[in-house]
Amino acid sequence: TQLLEQSPQFLSIQEGENLTVYCNSSSVFSSLQWYRQEPGEGPVLLVTVVTGGEVKKLKRLTFQFGDARKDSSLHITAAQPGDTGLYLCAGAGLWSGGSNYKLTFGKGTLLTVNP
Amino acid sequence: KAGVTQTPRYLIKTRGQQVTLSCSPISGHRSVSWYQQTPGQGLQFLFEYFSETQRNKGNFPGRFSGRQFSNSRSEMNVSTLELGDSALYLCASTHGRGGPTGELFFGEGSRLTVL
């Protein structure tokens, strides 16, 4: 069973601060996605990383996939209240004996950015 | 184009009853997945349907079932409701080609409360 552990579970910071959230597993994933879920909404994809060591930037958000493709991090620079939400990582792996992929989600990091 | 639509958005049931939730995917998407989201367990995969066939299934009891129609719309049913079934049920659609980088497009969810 592939499990993804996210840390921290909760994070409350002031506007302008930097933060990093982590997504770790003992399993290797073919790709890793990060989603953000705002209250009353479904998750929305932020980024997909595929190659070990890959770094992607999305404005103030920087995503990194670990060299061994077992872990990932999300760094936010100068956080803003609009960054508030639940950040979910999801790893893609093949179904046992199958040829299509399943996404395993972590439990998420609930981020609150106070003005 | 229109997003994923889930109905109803909110519902309250009592133990022992059954419930049917509906999901209309994005036009052209042939895969529909269902997830249960709770604060304690996070996002847990229920099942995926592709071209009217269940392609993958998570570790949920047989009380949870689903189906997909020829127009790709999907329904899930939970019979003999238990208190622990209270959750946000999310539907996600994708083109269904099965690769490791496919984006899931989520609906806003159906919030089920079991009393």
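What comes next concerns the included structure. These numbers come from a predicted model, not from an experiment.

Moving on: the state of the cysteines. For the structure on display, the rule yields two disulfides over all chains. A disulfide bridge connects C23 of chain A with C89 of chain A, and the sulfur atoms are separated by 2.0 Å. The sign of the S-S torsion, about 80 degrees, decides the handedness of the disulfide formed by C23 of chain A and C89 of chain A: right-handed. With C23 of chain A in strand β3 (residues 19-24) and C89 of chain A in strand β9 (residues 85-94), this residue pair connects regions lying 66 residues apart in the sequence. By the burial criterion, C23 of chain A is buried, and C89 of chain A matches it. At a sulfur-sulfur separation of 1.7 Å, the disulfide partner of C23 of chain B is C91 of chain B. Taking the torsion about the sulfur-sulfur bond, which here is approximately -50 degrees, the covalent link between C23 of chain B and C91 of chain B counts as left-handed. Of this pair, C23 of chain B sits in strand β3 (residues 19-24) while C91 of chain B sits in strand β9 (residues 87-94), placing them 68 residues apart in sequence. No difference in accessibility class separates C23 of chain B from C91 of chain B, as the two residues are buried.

The rules we used
Residues numbered from 1 in each chain as written. Chains lettered and ligands numbered in written order. Predicted model: local features only at pLDDT ≥ 70, side-chain atom pairs only at ≥ 80, totals over all residues. Heavy atoms only, no water. Disulfide = S-S within 2.5 Å. Helix = DSSP H or I, 4+ residues; strand = E, 2+ residues; numbered from the N terminus. Buried < 20%, exposed > 50% of the residue type's maximum accessible area, 1.4 Å probe, protein only.

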